[in-house]
Amino acid sequence: MRTALATLAFVVAAGGAQAMMPSLTDLPRDRTMLTCQQWATSQDEEAIYMWGLLESGKTSEDVGRLRLALSCLGDRPPEIVGFGSSVGAADQFCKTRPRVPVCRDRR
């Protein structure tokens, strides 16, 4: 039901946290594209930044809001969401993507 919160719990439990994944507000009761877009836009700046991280290492607020809205509608967040919130999550992501710029830059 709360995919975003489940992802948060997984990321924090995945390994020694170096930074916390920002908390998200409660999901809207009636989830439509409109209510989920409004919910995504209402999240704090740090959450939108983290959800908008791209494999290039750059971030996009538009991508962050879109990912949040889709997650609100039930989609699984991309694996890169939460990158940098724990060593374990970043290591796991980069293990299968060693040539992705965000992973190359970690070395």
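Everything quoted here is computed from the prediction, not taken from an experiment.

**Some remarks on the state of the cysteines**
Phase 1: Tallied over the entire structure, the rule returns 2 disulfides.
Phase 2: The disulfide partner of Cys36 is Cys72, and the gap between their sulfur atoms is 2.0 Å. Of note, the bridge from Cys36 to Cys72 carries an S-S torsion of about -60° and is left-handed in sense. Of the two residues, Cys36 is situated in helix H2 (residues 33-41) and Cys72 in helix H4 (residues 61-72); the sequence distance between them amounts to 36 residues.
Phase 3: Disulfides within the chain link the bonded cysteines, taken in sequence order, as 1-2, 3-4.

**What to know about the confidence of the model for the chain**
Phase 1: This prediction gives the chain a mean pLDDT of 83; 80% of its residues lie at or above 70.
Phase 2: Note on residues 1-18: pLDDT under 50 across the span, and 33 contacts to partners over four residues away in sequence or across chains.

What counts and how
Residues numbered from 1 in each chain as written. Predicted model: local features only at pLDDT ≥ 70, side-chain atom pairs only at ≥ 80, totals over all residues. Heavy atoms only, no water. Disulfide = S-S within 2.5 Å. Helix = DSSP H or I, 4+ residues; strand = E, 2+ residues; numbered from the N terminus. pLDDT = per-residue confidence, 0-100. Contact = heavy atoms within 4.5 Å.

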